[in-house]
Amino acid sequence: MNSEEVKIGVYICHCGGNISDKVDVEKVAEDAGNLPDVTVSRTYTFMCADPGQELIVEDIEKHGLNRIVVASCSPSLHETTFRSAVVRGGLNQFLYEHVNIREQVSWVHASTGEATAKATTLVRAAIARVRHHEPLSLIRVGATSRALVLGGGVAGLRAALDLAVYGLPVTIVEKSSRLGGQVAEFGTVFPTGESGAELVRTLVRDVSALEEITVLTGARVTGATGYVGNFTVMVEQERGDGSTEDLEIPAGAVIVATGSRPYEPDMGEFGFGQFPEVVTLPDFIQILNETRADGDLTVNGKMIRRAAFIHCVGSRQIEGIQKPKPGRPLNENCSRICCTATLKAESDLIEKFPGVFVYDLYRDIRTYGRNHEEIYERASRDGVSFLCYEPATPPVVTMAAPDDTGNLLITVKDNLTAGMEIEVAVDLVVLAVGMEPADVGPLAESLKLPAGADGFLQEVHPKLRPVEMAVAGVVLAGTCQSPRDIEESCASASAAAVKVAGLLTRGHVDLEPYVARVNADRCEGTGICLSQCEYDGALKIVESVIDGRAIRKAVVNEALCTGCGACVAVCPTRAIDINGWTLDQFEAMVDAMCADPVEVASD
Amino acid sequence: MNRAASTETVDTLVIGGGIAGLQTALDLADLGLQVAIVEKEPSIGGKMIGLSKVFPTLDCASCITTPKMAATAHHENIRILTLAEVESVTRHDEDFSVRVTLQPRYVDEDLCIGCRLCEYACDADVADEFEGGLSAHRAIYIPFTNAIPQLAILDPMECNLCGQCAVACPTDAVVFDQKPREIEITARSVVVATGFETTPMGAKEEYRGNEIVNVISPLTMERLLAPHGPYGRVLRPADGKVPDSVAFVQCAGSRDRSLGVPYCSRVCCMYAIKQAMLLSGALPFADITIYYMDIRAFGKGYETFFQNASAMGIEFVKGKVARIDEAGDRNVEVRFEHIDELGQVEERTHDLVVLSLGMLPAADLRDRMPISVSSDGFVTVPKPTIEPCRTNEPGIFVAGTAAGPKDIVDAIAEAGAAAMAVSGYLKKREPAGDAVCAVSAGMEIR
Amino acid sequence: MGTDRILILASAACAYPGADAVGQAHLSYPANTFVLRVPSPVVFPESFYYDSFEKGIGGIIVMSCGVECPYEGAYEKLAARIDRVSLGLKEQGINPRRLKLTSICTVCTKSFLKEVADMNSILAYEGAET
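It should be emphasised that the depicted structure is a prediction, and the values quoted were computed from it without experimental measurement.

Analysis parameters
Residues numbered from 1 in each chain as written. Chains lettered and ligands numbered in written order. Predicted model: local features only at pLDDT ≥ 70, side-chain atom pairs only at ≥ 80, totals over all residues. Heavy atoms only, no water. Axes fitted to C-alpha atoms, helices over the stretch in contact; angles between N-to-C directions. Helix = DSSP H or I, 4+ residues; strand = E, 2+ residues; numbered from the N terminus. Parallel < 35°, antiparallel > 145°, perpendicular 65-115°, else oblique. Left-handed = near helix turned anticlockwise from the far one by under 90°. Contact = heavy atoms within 4.5 Å. Salt bridge = Lys/Arg side-chain N within 4 Å of Asp/Glu carboxyl O. Buried < 20%, exposed > 50% of the residue type's maximum accessible area, 1.4 Å probe, protein only. Domains from an automatic or database assignment. Phe/Tyr/Trp six-rings, centres within 6.5 Å; stacked < 30°, edge-to-face > 60°. Pairing = 2+ DSSP bridges.

## Some remarks on the packing of helix α12 (residues 486–504) of chain A against helix α8 (residues 408–429) of chain B
Part 1: At a minimum axis separation of 7 Å, α12(A) and α8(B) run at an interaxial angle of 60°. Taken as axis vectors, α12(A) and α8(B) run oblique relative to one another. As for the relative orientation of α12(A) and α8(B), their crossing is left-handed in sense. Along its contact with α12(A), which presents A:E488, A:A491, A:S494, A:A495, A:A497, A:V498 and A:A501, the element α8(B) presents B:D410, B:A413, B:E414, B:G416, B:A417, B:A419 and B:M420.

## Observations concerning the pattern of salt bridges
Part 1: Summed over the entire model, instances satisfying the criterion amount to 75 salt bridges over all chains.
Part 2: Of the charged contacts in the structure, one is a salt bridge between B:D410 and A:R336, with a shortest N-O distance of 2.8 Å. Of this pair, B:D410 sits in helix α8 while A:R336 sits in the loop between β19 (306–313) and α9 (338–352), which puts the two residues in different chains.
Part 3: Look at B:D410 and you get buried, because its relative accessible area is 15%.

## Structural notes on the domain arrangement of chain A
Interface size is commonly expressed as the accessible area that is lost once the parts come together.
Part 1: Segmenting chain A into domains produces domain 1 (1–136 + 580–603), domain 2 (147–259 + 438–509), domain 3 (264–284 + 307–427) and domain 4 (514–579).
Part 2: If you average the C-alpha positions of domain 2 of chain A and of domain 4 of chain A, the two centres end up 38 Å apart.

## Brief notes about the packing of aromatic side chains
Part 1: Going through the model one piece at a time under the given rule, you end up with 22 aromatic pairs over all chains.
Part 2: For the ring pair B:F55 and B:Y302, a centre distance of 5.3 Å and an interplane angle of 90° mean the geometry is edge-to-face. Taken together, the residues B:F55 in the loop between β3 (53–54) and β4 (59–60) and B:Y302 in helix α7 (residues 302–311) connect sequence positions 247 residues apart. Take B:F55 and B:Y302: they sit in the same class, and that class is buried.
Part 3: Here B:Y291 and B:F336 contribute two aromatic rings whose centre-to-centre distance is 4.7 Å and whose plane-to-plane angle is 50°, an arrangement assigned as tilted. Here B:F336 lies in strand β18 (residues 332–338) and B:Y291 lies in strand β16 (residues 287–292), a separation of 45 residues in the sequence.
Part 4: In textbook terms, an aromatic cluster arises when at least three aromatic residues are bridged by ring pairs, as seen for A:F94, A:Y514, A:W581, A:F586, C:F44, C:F48 and C:Y49.

## Points about the sheet that holds strand β22 (residues 396–399) of chain A
All names here are of chain A.
Part 1: Read across the sheet, three strands follow the order β22-β23-β24 without closing on themselves; strand pairing throughout is antiparallel. Every other strand in the sheet has two partners, leaving β22 and β24 (420–426) as the edge strands with one partner each. On average, each strand axis in the sheet is inclined to that of its neighbour by 25°, with strand direction left out of account.
Part 2: Note that β22 and strand β23 (residues 408–414) share four bridges and pair antiparallel. Counted as the bridge partner of V396 is T411 from β23.

Below you can see the structure in the form of structure tokens.
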């Protein structure tokens, strides 16, 4: 690399004032422009916008630049943006260095002088590092042309169908004995009023018709290894005779569609577990579906004349008011579906048993979806009586006095009547329980899948990469990511499927080149590096005989090396480094950070 | 200007270059399909590119949108047509024949280098709609900082024909007599991603949104909050005063049968809370009030966002605003009925009021293509539960807010789903060769 | 010169986004902080720490992912190395508190600020001593 003359282009972004209000970007650019080998140093309002990127492309062509530094926002937002600009200019994308002067400078430092000085130093360090960058190529690995879908609920079925129709083989792994998940048990579903069981039948029929799809029911994942394009998922499947069979399924990508489960109220939460007439919404829907319209609606042998539905049970929990369950965080999120599902159940109840009087105890009615508001209006028309409670004063369910009209007494401060304490006697209390993530199982541990503070699996970014996980090749479908209704689950499932299709359609996957590499001239074959490596097969010592002498050298398997760098730190001869993150680079940056401080103008 | 225009065949024509259309196009193009985006505005980016920061992560909107815009513009499988409106989509056997009118830019797209010398030479000022009319641009101008394509456009209604722009232009790109052109595109599939418009400011007469200057739309507030907005800070439009008291009126265009908008617009609670949070950062001493019926913070992380806003001291008043009037000193009087205090009526005066407008479909395409539209005005989706992007016409799909209000997160997920649905549909139609380009004569339509 | 400078070795998966989160929340901390983004701080040999102090770095905060580390066994190896370097520093008469190993998650804004504040008070104390 040293034979080539280094020509560095430096670009400082204003970010439309986000940076330039705190950092004197012109000064930073001027300082950089005076450093050796810096051919171009400029500022621009929005480097990420097209004209900003084009500046880089044009300067590479015009000035023969061969190293590029951009100081802007966090690399998580725009490192790839500028790399692609560098490529359009005809350079290798890894001859690029990104400096974060927004999240880590202009947004965190109050003094303009200090922020400018720090930005200048960081740009100097980046210039020092970028000299050491070398062209790297992506590592191309073959990809297994099969997707594994974990979970056979509607989201899993939707994703599997999409990929199979697209032409990719799919294996669905479902732990229960049947496909369809919770939707099959919903009765009719909002907003269309279709039968949930019928929806599932449609999907299952389509799935069965496609030879690309293999369905494993009664099957659970016991572990997984590998990486994008080349996962192996271990599955244990129950057989008819009670024994189990162990399977190893190769898959290029994994779609996690493990879904959610209804929140299980605590003993005594709104009388749950204490009084048999307190049931959850899924239980109530089942009771309602199983009762004939010409009979009486009974629970625990008693006829139901008055029922109360309580919203936000296990959702929108607030620290200090609700207690988390052991080992679980508070469910702070809204569960999205319960408002509409509850109102629909109330109308279904009244329309099937017109004599029943219904109370609805809510915090906010969240019928947000298309044609959901109509369900709210329908419940109001059907005569549901609404009471609004504050989270700090939730309704209290107790046993009613013997002469009351119902078995249970609900006491609630009602916002709609100026916070008056109201007592209603009812025969039935239905708890609109929220959603909790279902257990993902050993897959999560084996592949180190990140979950958010709420326990749901975590996407990389809700808008930039909404269905992808930080683990390449693993995508999210449905309610394992967050609460959502059937429509939203299917949309996310198809969005996940299209990412997998994009990944596997070419038969290979290109991986980042940040893996260990050995300088054979320096390597003395001590094997100390090997003692530090945790990844089977990633590093080995190869012995060969040259001129009658046995020579030992370390060799890296690029597809298995994760680039953690554990080997780098222990090599006595500095013969091993991580591509793109070499010790020389880090040392050059520290040198630049320790150089004379940048002049700080007082504010 | 009777230039020959190309007639080409694409796998998918995406109508609309907002965030949903861009995501659909990107996902399709990544599968190797040839995509054309037809955008009626001079730039892609849709509504999102005009926003300040977006909930619940408070990322700057432009930082999320610009990479997707740039990726679309640079993708070898995507072609973008701006100032382009779909006139008709007609089925011919399995394909669609799409007639598109290209409105004149009065600037040659191949010659313009986006240097803005024309803009500096022009002395006709025009209210800048992108900035909510709060600032001005010239009669010839680049639409906004991050516009893609970065090409000037001339507004013939405001141009005083002085010719200075043409003199200043280093590439002779200004073409005063450019005419609309019509082109025809053959598409194997179509995605409707035409997006939304906000409900009109004047829709609810009692709120006098079009009369009182210090009653503004949420998109104007977005621009006031944007770091590169019209004033660079939050000032109220009537007199440039820094507001001490700002109120948001929720459901100002939604959940109201009298407006013909009975549905919830899904985003207004969250954008109002977000704007309130940004305001309390920009104006630490201002009182901020949100008048609401129900707070609908239903998405991932949204409830926490709402709780944080409450903890920051933003006042949430459960009440329905009955009317809005101008008070002294150009202030705004809000008369509302408490929902939580036995319907007691109260008046409060604020310096600035934002009407949290709802969403209306931006386009009614019924007469132009064989799809149907539901009573709410949005594209009909016959099987929303398990096929959320399929319309009643095979080969035509829908993504984003064209199929009903939704936030950015949901619109982007749905855009991916639309891409999947399209690619599955096209696979079923195979064998079909790669998209081929044919050239025929275009025609002048005026 | 430069004894007041703090070098932060931040893991790309956790601590670096954590530092970004501090910025996104528009919280504030002193500007004598220089973040180096690394796949994992396990990459640095013992000599890197000694050399950095030698070059004039005042304090080093190693911000790893801790037990959340995406690389197997890397955190344990890192922790053992930092222990060894701390002993070595002590032998050289350098206050071992100028090197700190901590874990910072992607939303650990408060911990990030605390670590920076703590290191600054250690450095201020050192400054007063000399």
